[in-house]
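Structural overview for review
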Amino acid sequence: MARVYNFSAGPAVLPEEVLKEAAEEMLDYRGCGMSVMEMSHRSKTYDNIIKEAEADLRQIMNIPDNYKVLFLQGGASQQFAMIPMNLMKNGVADYIVTGQWAKKAYQEACMYGKANKIASSEDKTFSYIPDCSDLPISPDADYVYICENNTIYGTKFHELPNTKGKTLVADVSSCFLSEPVDVTKYGVIYGGVQKNIGPAGVVIVIIREDLITEDVLPGTPTMLRYKTHADNDSLYNTPPAYGIYICGKVFKWIQKMGGLEAMKKRNEEKAAILYDYLDHSKLFKPTVEKGSRSLMNVPFVTGDDELDAKFVKEAKAAGLESLKGHRSVGGMRASIYNAMPKEGVEALVAFMKKFEAENLK
Ligand SMILES: *Cc1c(COP(=O)(O)O)cnc(C)c1O
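Throughout what follows, the structure given in this document is the object of discussion. Keep in mind that this is a model prediction, so the values were computed, not measured.

1. Side note on the nonpolar core
Grouped together as the largest cluster of nonpolar side chains are 87 residues, with contacts concentrated most on M61, L177, I204, I206, F284 and F311. In terms of residue count, the dominant contributor to this core is helix α6 (residues 241–257) (10 residues). Excluding anything up to four places from it in sequence, L177 contacts L57, I60, M61, N196, I197, F251, I254, L260, M263 and N338. By size, the runner-up hydrophobic cluster in this structure holds 33 residues, among which are L72, A115, I152 and L224.

2. Topic: the site of the ligand
Lining the immediate environment of the ligand, one finds G75, A76, S77, F80, W101, C147, N149, T151, D171, S173, Q194 and K195. A distance of 2.8 Å is found between an oxygen atom of the ligand and a side-chain nitrogen or oxygen belonging to Q194. For the ligand, an oxygen atom lies 2.5 Å from a polar atom in the side chain of K195. Contact with the protein chains hides 86% of the accessible area of the ligand, taken as 390 Å² for the molecule alone. Among the elements that make up the shell around the ligand, the one with the highest residue count is helix α3 (residues 75–87) (4 residues). A class-by-class count of the residues in the shell around the ligand yields 4 nonpolar, 6 polar and 2 charged.

3. Some remarks on the packing of helix α8 (residues 305–317) against helix α9 (residues 342–359)
Running from N to C, α8 and α9 point in directions that differ by 135°, and their axes come no closer than 11 Å. Classed by the angle they form, the pair α8 and α9 counts as oblique. Judged by the twist between their axes, the crossing of α8 over α9 is right-handed. Here L307, K310, F311, E314 and A315 of α8 lie close against α9, whose contacting residues are L348, F351, M352, F355, E358 and N359. Within the contact of α8 with α9, the residues separate by chemical class into 7 nonpolar, 1 polar and 3 charged.

4. Describing unusual backbone geometry
It is generally the case that most residues other than glycine have a negative phi and that most peptide bonds are trans. The peptide bond linking G10 to P11 adopts the cis configuration, its omega dihedral lying at -10°. By secondary structure assignment, the location of P11 is in the loop between β1 (5–6) and α1 (16–24). Positioned with a positive phi, D233 is a non-glycine residue whose angle comes to about 50°.

5. Comments concerning α8
The end-to-end C-alpha distance of α8, which contains 13 residues, comes to 19 Å, matching closely the 18 Å that a straight helix rising 1.5 Å per residue would cover. Within α8 the residues assigned to the buried category are L307, D308, F311, V312 and A315. The buried side chains of α8 occupy one side of the element, clustering within an arc of 140° when seen end-on. Across from the buried face of α8, at angles greater than 90 degrees, the exposed residues are E306, K313 and A317. Against β12 (297–301), β13 (320–321), β14 (332–335) and α9 lie the buried residues of α8. With a side-chain oxygen lying 2.9 Å from the backbone nitrogen of E306, the N-terminal cap of α8 falls on D304.

6. What to know about the pattern of salt bridges
One pass over the structure, following the stated rule, counts 24 salt bridges. Salt-bridge contacts for R58 lead to E54; the nearest nitrogen and oxygen are separated by 2.9 Å. Highlighted residues: R58 and E54, both in helix α2 (residues 44–61), separated by 4 residues, approximately one helical turn. Residue class for E54 comes out partly exposed when judged on its relative accessible area of 22%. R208 is the partner of D210 in a salt bridge, and the nearest nitrogen-oxygen pair spans 2.7 Å.

7. Remarks on the sheet that holds strand β9 (residues 188–192)
Sheet architecture is open: 7 strands sit in the order β2-β10-β9-β8-β5-β3-β4, paired in mixed fashion. The two strands at the open ends of the sheet, each matched to only one other strand, are β2 (67–72) and β4 (114–120). Across the sheet, the mean angle from the axis of one strand to that of its neighbour is 20°, orientation sign disregarded. The pairing of strand β3 (residues 92–97) with strand β5 (residues 144–147) spans 2 bridges and is parallel. Paired with D94 across the bridge in β5 is V144.

8. Structural notes on the environment of K361
With respect to the element layout, K361 can be found in the segment after α9. On the basis of relative accessible area, K361 is assigned to the exposed category, the value being 89%. As for K361 and L283, which are separated by 78 residues in sequence, their C-alpha atoms are 9.1 Å apart.

9. As for the packing of α3 against helix α4 (residues 100–110)
Axis separation between α3 and α4 bottoms out at 9 Å; the angle between their running directions is 40°. As judged from the angle between their axes, α3 and α4 are oblique. Two packed elements cross with a definite hand, and for α3 against α4 that hand is right-handed. Residue-level inspection shows S77, F80, A81 and P84 of α3 in contact with α4, the latter providing W101, K104, A105, E108 and A109. Per-class residue counts for the contact of α3 with α4 are 6 nonpolar, 1 polar and 2 charged.

Cut-offs used in this document
Residues numbered from 1 in each chain as written. Predicted model: local features only at pLDDT ≥ 70, side-chain atom pairs only at ≥ 80, totals over all residues. Heavy atoms only, no water. Core = buried A, V, L, I, M, F, W, Y, C linked by side-chain atoms within 4.5 Å. Buried < 20%, exposed > 50% of the residue type's maximum accessible area, 1.4 Å probe, protein only. Helix = DSSP H or I, 4+ residues; strand = E, 2+ residues; numbered from the N terminus. Contact = heavy atoms within 4.5 Å. Near = heavy atom within 4 Å. Polar contact = N/O pair within 3.5 Å; in protein donor to acceptor, adjacent residues only side chain to side chain. Areas by Shrake-Rupley, 256 points an atom, 1.4 Å probe, with all protein chains shown as cover. Nonpolar A, V, L, I, M, F, W, Y, C, P; charged D, E, K, R; others polar. Axes fitted to C-alpha atoms, helices over the stretch in contact; angles between N-to-C directions. Parallel < 35°, antiparallel > 145°, perpendicular 65-115°, else oblique. Left-handed = near helix turned anticlockwise from the far one by under 90°. Expected span 1.5 Å × (residues − 1). Arc of directions from axis to C-beta. Salt bridge = Lys/Arg side-chain N within 4 Å of Asp/Glu carboxyl O. Pairing = 2+ DSSP bridges.

Printed below as a string of structure tokens:
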């Protein structure tokens, strides 16, 4: 068996321990004679799995009792619609557009009400996070929306925007559980798990209870109402059962590793190895302004498309997978999520140094 270092932006690397455990339990989950994939989501065994996953997530993130944790489907993209459908009571929301995902969320919200783009970093190809300390927040805004870590461009909000008292809604798909978070600062935190937590097919929504009401936009389908899922503890219909089980294992792994403080330390160490090299390289350049850099997604370029392609190809041959940048940006991107070991980043930098020596004209 040869495992590669997988730098994919998502679906992405998972802890090897978790995969091994899942493999061991594949045919017979803890003596029940069947796989978790095969069992009823109404069974006692499965109920324990989902309840324990929620309890562990609550412990890891220190989620207060007045927040619900929902395990849903439809990916992060479905939340682009669910959020306005459920939260736009006044029909108004403010969006900070820092990349493709925030832009898609903004465009979706425009279909349901008055969505205002109150800040953007599109002028410089989304290479920075705008100053959000004093934005023109709409007096009647139902919420202020951000994409906290911009997977494609490699930027991260290091300070949350001043929402002037309005509810903050954040897409944290690509920075979920990468560092400690103060849940009380948000009305809604959500993310697809396939970036930093588990297999594709699960989206986790952490939502303050007072935001879960019957007062939703007319025509909102039953399945797209937060209340439906909150009232049924994520078991209104069949949940993405196997995916949630794997998420639960990743939560246990994070606890064992020392929780979010330890994750942050580990992620900072890994990112520093790569950024330090990029800041000194004569061949590779980072594309993001220093104060806005993500710990999770690190885009970089040589400035020469052919050389970029050569790098991606040779890196792959050396066991460093999926380093090609997003199709909208080009260049390279190394996603170094929680489960990427430090050795993987070290191997990448060693390879980059070798490539630089061979290709610098
Ligand atoms: C990947 C990603 C999405 C889209 O997720 P899907 O689950 O494919 O819908 C949305 N937001 C961010 C920040 C992402 O990284």
